[in-house]
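Next come the chains, spelled out residue by residue.
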Amino acid sequence: MKSEREELIEGLQDIIEGGGGGLDLDTPAHWAIDGIQEPIAFFRALSILLPPGGVLYMEGTSIAPCVAGFYERHAFAEPVPVVRDGISPIPEVFHVSFTPEVIDGLCDMVRERPLEQLFNHIKAYHNTSLVFTYHDAFVDELRVSGRVAEDTIRDFCAVLGATYCQEATKQRDMEQVRRFLWALENPDKARIKPEPLWRRLWNAITGR
């Protein structure tokens, strides 16, 4: 069995080999939405944010086989690379067409299973633009592209009883990711305390 350090190294190598690229929040500022508590209400309200033809990106490390099968049956035919949030262990990712049938299925599965069996992180895109990213869905804040009009954000939050504000967008620094990988691969050459490493690694990978 791989150690936690070995899994971290593998995850970082995978991100670097993939170029760390893909769709991410790319506007100078984004909307940060807090207070979303009900997954079913969230999925039912998504049509306010995500236009027809959109794609849901589901990422997780403990996705149940039947849930993965559902995602595969509704897979989007022409997926676009998306920046991955999970580092270690390397997560499964699915690009799922945003349709009423998919929303109904997600709501049914939310009623039947723990959320970690469905996803850890959720994102969505339309054409070649990321619409939102939801790291640690229903724990962390939902971050929505600055391209989405404030009136739309206000309507979405009103339905969910959530609040919003505007925040500056920070981009992932791949050079920092490479430095962290080197430090993990060369522990005798880099004196790193566990807490600062995790904090800096989080900032580097998520761009926050």
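The following refers to the structure shown. Computed from a predicted model, the values in this text were never measured in an experiment.

### What to know about helix 3 (residues 65–73)
Next up, step 1: Those residues of helix 3 that fall on the buried side of the exposure criterion are V67, A68, G69, F70 and Y71.
Next up, step 2: Buried residues along helix 3 sit against strand 2 (55–60), strand 3 (92–97) and helix 4 (100–112).

### Examining the pairing of strand 7 (residues 163–168)
Next up, step 1: Judged by how many residues are buried, strand 7 sits mostly at the surface: zero of six residues are covered.
Next up, step 2: Looking at chain direction, strand 1 (residues 29–34) and strand 7 are connected through six bridges and run antiparallel. For I33, the partnering residue across the bridge sits in strand 7 and is Y164.

### Examining unusual backbone geometry
Next up, step 1: Here N127, not a glycine, exhibits a phi torsion of approximately 55°, which is positive.
Next up, step 2: Topologically, N127 is positioned in the loop between strand 4 (121–126) and strand 5 (129–134).
Next up, step 3: Notably, F138 is not glycine yet its phi reads approximately 75°, a positive angle.
Next up, step 4: Tracing the sequence through the fold places F138 in the loop between strand 5 and strand 6 (142–145).
Next up, step 5: When its relative accessible area of 15% is taken as the criterion, F138 is described as buried.

### Quick look at the environment of R44
Next up, step 1: Relative to the helices and strands, R44 resides in helix 2 (residues 39–49).
Next up, step 2: Considered as a pair, R44 and V159 are 115 residues apart in the sequence and their alpha carbons are 9.8 Å apart.
Next up, step 3: Ignoring anything within four residues of it in the chain, the contact list for R44 reads I103, D104 and C107.

### What about the sheet that holds strand 2?
Next up, step 1: Spatial ordering of the open sheet is given by 3-2-4-5-6-1-7, a layout of seven strands whose pairing is antiparallel. The open sheet has two free edges, formed respectively by strand 3 and strand 7, since each of these has just one partner strand. On average, each strand axis in the sheet is tilted by 20° relative to the strand beside it, whichever way the strands run.
Next up, step 2: The pairing of strand 4 with strand 5 spans five bridges and is classified as antiparallel. Bridged to I122 within strand 5 is Y134.

### Let's talk about the side chain of K123
Next up, step 1: Turning to its location among the elements, K123 is positioned in strand 4.
Next up, step 2: With residues near it in sequence (within four places) discarded, K123 still touches V55, L56, Y57, V82, V83, D85, L130, F132 and T133.

### Things to note about the side chain of D85
Next up, step 1: If you trace the backbone, D85 turns up in the loop between helix 3 and strand 3.
Next up, step 2: In this structure D85 comes out as buried when scored by relative accessible area, which is 9%.
Next up, step 3: A polar contact is formed between the side chain of D85 and the side chain of H135, at a distance of 3.0 Å.

### Details of the packing of helix 2 against helix 5 (residues 150–160)
Relative orientation and spacing of two packed helices are given, respectively, by the angle between their axes and the distance between those axes.
Next up, step 1: Close contact between helix 2 and helix 5 brings their axes to 10 Å; oriented N to C, the two are set at 165°. Taken together, the axis directions place helix 2 and helix 5 in an arrangement best described as roughly antiparallel. The chirality of how helix 2 crosses helix 5 is right-handed. Packed against helix 2, whose contacting residues are A41, F42, A45, L46, I48 and L49, the element helix 5 presents T152, I153, D155, F156, V159 and L160 at the interface.
Next up, step 2: Each residue belonging to the contact of helix 2 with helix 5 can be placed in one class, and the counts come to 10 nonpolar, one polar and one charged.

### Focus: the pattern of salt bridges
Next up, step 1: As enumerated under the stated definition, the model contains six salt bridges in all.
Next up, step 2: The partner of D26 in a salt bridge is R147, with the nearest N and O atoms 2.7 Å apart. With D26 in the loop between helix 1 (4–17) and strand 1 and R147 in the loop between strand 6 and helix 5, this residue pair connects regions lying 121 residues apart in the sequence.
Next up, step 3: Accessibility expressed as a relative area gives 43% for D26, which makes it partly exposed.
Next up, step 4: As a salt-bridge pair, D85 and K123 come within 3.0 Å of each other at their nearest N and O atoms. Note that D85 is positioned in the loop between helix 3 and strand 3 and K123 in strand 4, a separation of 38 residues in sequence.
Next up, step 5: Salt bridges linked by common partners bring E150, D151 and R154 together as one network.

Here is what the cut-offs are and how they apply
- Residues numbered from 1 in each chain as written.
- Predicted model: local features only at pLDDT ≥ 70, side-chain atom pairs only at ≥ 80, totals over all residues.
- Heavy atoms only, no water.
- Buried < 20%, exposed > 50% of the residue type's maximum accessible area, 1.4 Å probe, protein only.
- Helix = DSSP H or I, 4+ residues; strand = E, 2+ residues; numbered from the N terminus.
- Contact = heavy atoms within 4.5 Å.
- Pairing = 2+ DSSP bridges.
- Axes fitted to C-alpha atoms, helices over the stretch in contact; angles between N-to-C directions.
- Polar contact = N/O pair within 3.5 Å; in protein donor to acceptor, adjacent residues only side chain to side chain.
- Parallel < 35°, antiparallel > 145°, perpendicular 65-115°, else oblique.
- Left-handed = near helix turned anticlockwise from the far one by under 90°.
- Nonpolar A, V, L, I, M, F, W, Y, C, P; charged D, E, K, R; others polar.
- Salt bridge = Lys/Arg side-chain N within 4 Å of Asp/Glu carboxyl O.

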